[in-house]
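Structure assessment
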Amino acid sequence: MRNQDRIKAVLTLSPSIILIGLFVYGFIGNTFWISLTDWGGVAALAVNPVKNYAGFTNYIDLFTGFLGGGFRQDLVNAVYYSVMLLAGAIGVGMFLAVMLDSKPKGEAFFRTVFLYPMSLSFIVSGTIWRWMLSPQGGVNILPEYAGLQPFTFRWLSSTGSILEFNWQNLLEIAIYLVSAVLLIIGLRLFAKTPRQSLLWLIPGIALGLFAWLGGEMLPKALFMEETHGFNKATFGIILATIWQYSGYTMALYLAGFTGISQDLRDAAMLDGATTASYYRHIALPMVKPITISAVIILSHISLKMFDLIFAMTGPDNGQTGHPALNMYLTTFRANDFARGAAIAIILFLIAGTFIIPYLVSSYRQRRGKP
Amino acid sequence: MKTRIFSTCLAVAAATMLLFTAQTSRAAELKGQLEIFSWWAGDEGPALQALIDMYNKQHPGVTVVNATVTGGSGVNAKAVLKTRMLGGEPPDSFQVHAGQELIGTWVKADRMEDLTPLFKEQGWMKSFPDGLVKNIGTADGIWSVPVNIHRSNVLWYIPANLDKWGVKAPASWDDFFAIAPTLKEKGIVPLALAENWTANHLWESVALASLGADNWDALWSGKLAFDSPEGVKAWELFGKVLAFTNNDATSLSWQQATDMVVDGRAAFNIMGDWAAGYMSTTKKMAPGSGFGWAASPGTGGQFIFLADSFGLPKGVKNRDNALAWLVLLGSREGSDAFNPLKGSISARVDTDLTKYNDYAKSASADFGKDRIVGSLAHGVTANEGFMSDFAAVMEMYLKSRNAQATAKAAQQIAVKNGIGK
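Residues numbered from 1 in each chain as written. Chains lettered and ligands numbered in written order. Predicted model: local features only at pLDDT ≥ 70, side-chain atom pairs only at ≥ 80, totals over all residues. Heavy atoms only, no water.

Moving on to the pairing of strand E13 (residues 308-311) of chain B. Residue and element names in this part refer to chain B. Side-chain alternation along E13 places Asp 308 and Phe 310 on one buried face and Ser 309 and Gly 311 on a second face that is also buried. For strand E3 (residues 93-97) and E13, the ladder comprises 4 bridges, and the chain directions are antiparallel. Among the inter-strand pairings, Gln 95 is bridged to a residue of E13, identified as Phe 310. Here 2 bridges tie strand E6 (residues 145-146) to E13, and the two strands are oriented antiparallel to one another. Looking at E13, one finds that Val 145 is bridged to Phe 310. (Buried < 20%, exposed > 50% of the residue type's maximum accessible area, 1.4 Å probe, protein only. Helix = DSSP H or I, 4+ residues; strand = E, 2+ residues; numbered from the N terminus. Pairing = 2+ DSSP bridges.)

Rendered as structure tokens:
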């Protein structure tokens, strides 16, 4: 009986396993293989392009080559973009959800209004925001209605950047980051288990000191100085994305808050909790799974972002570039399929670092339950 | 004797008859479909439609499928075309910028048919200027039929405004640098610039002025390096010119840059001659009196051309129909039906100038006598790989303003993309 079940299970599952294996993992593998070749050189679009194995040349060029500067800036942009989008969309979404959770008049109406941007396609909202953020119109001339000077900030075309760092010192910066993470974990443990926390604190301090004192001796990631930073021109794009996605996080949180029993809230209030402390100590910890899934969804949306940026600043605006845009242009405009595949694999790996831990932990949780 | 003459006459008559029927039957034979692929929609749609109407009249049996993919200079169309070609489903004929954009991508990949026999049969070797035929062909053949010619190195201005400010259109960049500071003091942008590709567009005009036509050609044949002293000098001059442009350039479209000149916020603009079409058709200004033009500074007597053309991919479904389409495109009638509507000039030397406006007449005259060189920004001199990388190099320059490093980067992308090979 058990055996028969097993056979049935295998039979019903096998079509999807084969299809997914072929069309998802097979193609990922194929893309990876292409990224290791030189794909035809100049005659890239021949019927049977010549593909020579080239090892990791494409990857090395992207990270340390003279001409990979654009890609490196795109990567830095993507990191800043993800962080700002996460902070913005979750912050604004949470705020709206808390506001609506107190059931003000017209709650249903506002809920629809805030969720509405989600239903627009990125191309539409990108075009609208492009107009809104144009240098001599839209948002910038709003103060004129109040009789003030118009803004002169160039939302999508500033050339300045802040938080700059030298790509040469990438290794040093990475060590600092690791040491910072170790220190934070250590300090949080310190109150509970001082002895265990030393296991985190000591290597953290050692790494930090090492990077501080020996940073000069670390190998340089690049042969020349190249600064990258947070380009101010990406502000406009971040603003548009937050506008579009905060309604979505609001809906997520609102669903979570509604799921919390009213008794719990009443009990907390009886114990003298204010509204702020109710949310801080009770509601938000209870919707932690929602926060985690919002982080996962938003971070990989920001890594795959293409259409919004394309609609807002077009293909060749290095200031607001994004690896996904770069991948498309490298592949389909410059006909450099191998390099494009390499960018695709890098993006895939970065997205994987967000999603795989999440999948593993949720799998474990499910296994843990009977 | 009589019978002989009679029979000869009869034979000739029969032959003529046969010839006629043969011809009509040949024309009638064409049937089925013809799919033409282009990015001519919107303003350029009527010009394409005029050609399609002519084709329908000549070959009523053929249904023309007009596959357009919108998007300026074919950004989207080119990507769609690539997926179709890779998928083994080529359109019968497709629009492409004449020159390396076609050769580097499709000819090197052995996807196009050589059109030399068609050029010989139609007598086009003499109908098109030599400089043009050289640029659209390689040693192995001629690869497309040019439909129109645009000029890239044109300086636009409003004569009335210049009079008001007391300046004249500069003939060289030194002239420009002499008048630019005074314009700037008056709060007028000396040279209007727009988004990234227009910077590439400006670069080619500046570089041609700095290098001269011979060095320009040498650059693209691989005989002169981009990081040679001459090459670096071109970037330095470009940097000096950029100092007199508007600082919100990257968020403007080319039309908005032209608008700055029209509204009197800027004095000059360097743009291709589609700006003439924009000003005369959309802005209803008169060529000559309403708006004026000159060759961009330092490029008098030189003509940076770009051309749209149609080619014949290998393995198309309706080859005969496509050939008939190409014959129409290259003909004087077809060319003169299309170009006045598109706002470009005919590639042929025997064009009927009465159909064109004043700007086009002057451009045609220049095209006939000037030194013709190819455009980089619009696909004549370099393949798509170089063009795409060059956009990144331009970004690098706009950010760093380092002529030496940028020239070096340009040389690297030239080597990588096999320029001159």
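Right, let's get into the domain arrangement of chain A. Taken domain by domain, chain A consists of domain 1 (2-35), domain 2 (71-159 + 235-368) and domain 3 (161-231). For domain 1 of chain A and domain 3 of chain A, the distance between their C-alpha centroids amounts to 42 Å. (Domains from an automatic or database assignment.)

Looking now at the interface of chain A and chain B. Across the contact, 27 residues belong to chain A and 31 residues belong to chain B. Both sides of the chain A and chain B interface together cover about 2,600 Å² of buried area, and 55% of this is carbon and sulfur. Across the chain A-chain B interface, the total number found is 1 salt bridge. With a closest N to O distance of 3.9 Å, Lys 416 of chain B and Asp 336 of chain A form a salt bridge. Elements with a minimum of two residues in the side of chain A that touches chain B: strand E2 (227-231), helix H14 (323-333) and helix H15 (337-368) of chain A. For the side of chain A that touches chain B, the leading source of residues is H14 of chain A, giving 4 residues. Of the residues belonging to the side of chain A that touches chain B, the class tally is 13 nonpolar, 9 polar and 5 charged. (Contact = heavy atoms within 4.5 Å. Buried area = accessible area lost by both parts, 1.4 Å probe. Salt bridge = Lys/Arg side-chain N within 4 Å of Asp/Glu carboxyl O. Nonpolar A, V, L, I, M, F, W, Y, C, P; charged D, E, K, R; others polar.)

Residue and element names in this part refer to chain B. Ile 149, Trp 156, Trp 325 and Leu 326 are the most contacted members of the largest nonpolar core, which totals 67 residues. At 6 residues, helix H15 (residues 319-330) tops the list of elements feeding residues into this core. Two domains each provide a minimum of three residues to this core, namely domain 1 (32-150 + 306-373) and domain 2 (153-305 + 378-416). In contact with Trp 325, not counting residues within four places along its chain, are Leu 34, Ile 36, Leu 48, Leu 51, Ile 52, Tyr 55, Ser 93 and Phe 310. Grouped together as the second largest cluster of nonpolar side chains are 58 residues, Val 241, Ala 267, Phe 268 and Met 394 included. (Core = buried A, V, L, I, M, F, W, Y, C linked by side-chain atoms within 4.5 Å.)

Time to look at the confidence of the model for chain B. Model confidence for chain B is summarised by a mean pLDDT of 87, while 93% of its residues fall at 70 or above. Low pLDDT (under 50) marks residues 16-27 of chain B, which in the prediction has 2 contacts with non-local residues, meaning those over four places away or in another chain. (pLDDT = per-residue confidence, 0-100.)

All right, on to the side chain of His 201 of chain B then. All names here are of chain B. In this fold, His 201 is placed in helix H10 (residues 196-211). Classification of His 201 as buried rests on a relative accessible area of 0%. Within the structure, the side chain of His 201 is placed 3.0 Å from the backbone oxygen of Ser 152, a separation counted as a polar contact. Setting aside its immediate chain neighbours within four residues, His 201 contacts Ser 152, Ile 270, Met 271, Gly 272, Trp 274, Ala 377 and His 378. (Polar contact = N/O pair within 3.5 Å; in protein donor to acceptor, adjacent residues only side chain to side chain.)

Residue and element names in this part refer to chain B. With domains assigned, chain B is organised as domain 1 (32-150 + 306-373) and domain 2 (153-305 + 378-416). Placing a centre on the C-alpha atoms of domain 1 and another on those of domain 2 gives a separation of 27 Å. Contacts between the two partners involve 28 residues from domain 1, matched on the other side by 26 residues from domain 2. In this assembly, domain 1 packs against domain 2 so that about 2,500 Å² is buried in total across both faces, 60% of it on carbon and sulfur atoms. It is Tyr 359, Arg 371 and Val 373 in domain 1 that bury the most area against domain 2; as a group they hold 33% of the surface buried on that side. Taken together, the connections running from domain 1 to domain 2 amount to 3 salt bridges. Ionic pairing is found between Lys 82 and Glu 384, a salt bridge with its closest N-O pair at 3.1 Å. The interface formed by domain 1 and domain 2 includes 14 residue pairs in polar contact (both at pLDDT 80 or more).

Let us now look at a nonpolar patch on the surface. A cluster of nonpolar side chains, contributed by Leu 19, Ile 20, Leu 22, Phe 23, Val 24, Tyr 25 and Phe 27 of chain A, occupies part of the molecular surface with about 720 Å² of accessible area. Along the chain, Phe 27 of chain A turns up in helix H1 (residues 2-35). (Patch = residues over 30% accessible without salt bridge, like charges linked within 9 Å, V, L, I, M, F, W, Y side chains within 5 Å. Areas by Shrake-Rupley, 256 points an atom, 1.4 Å probe, with all protein chains shown as cover.)

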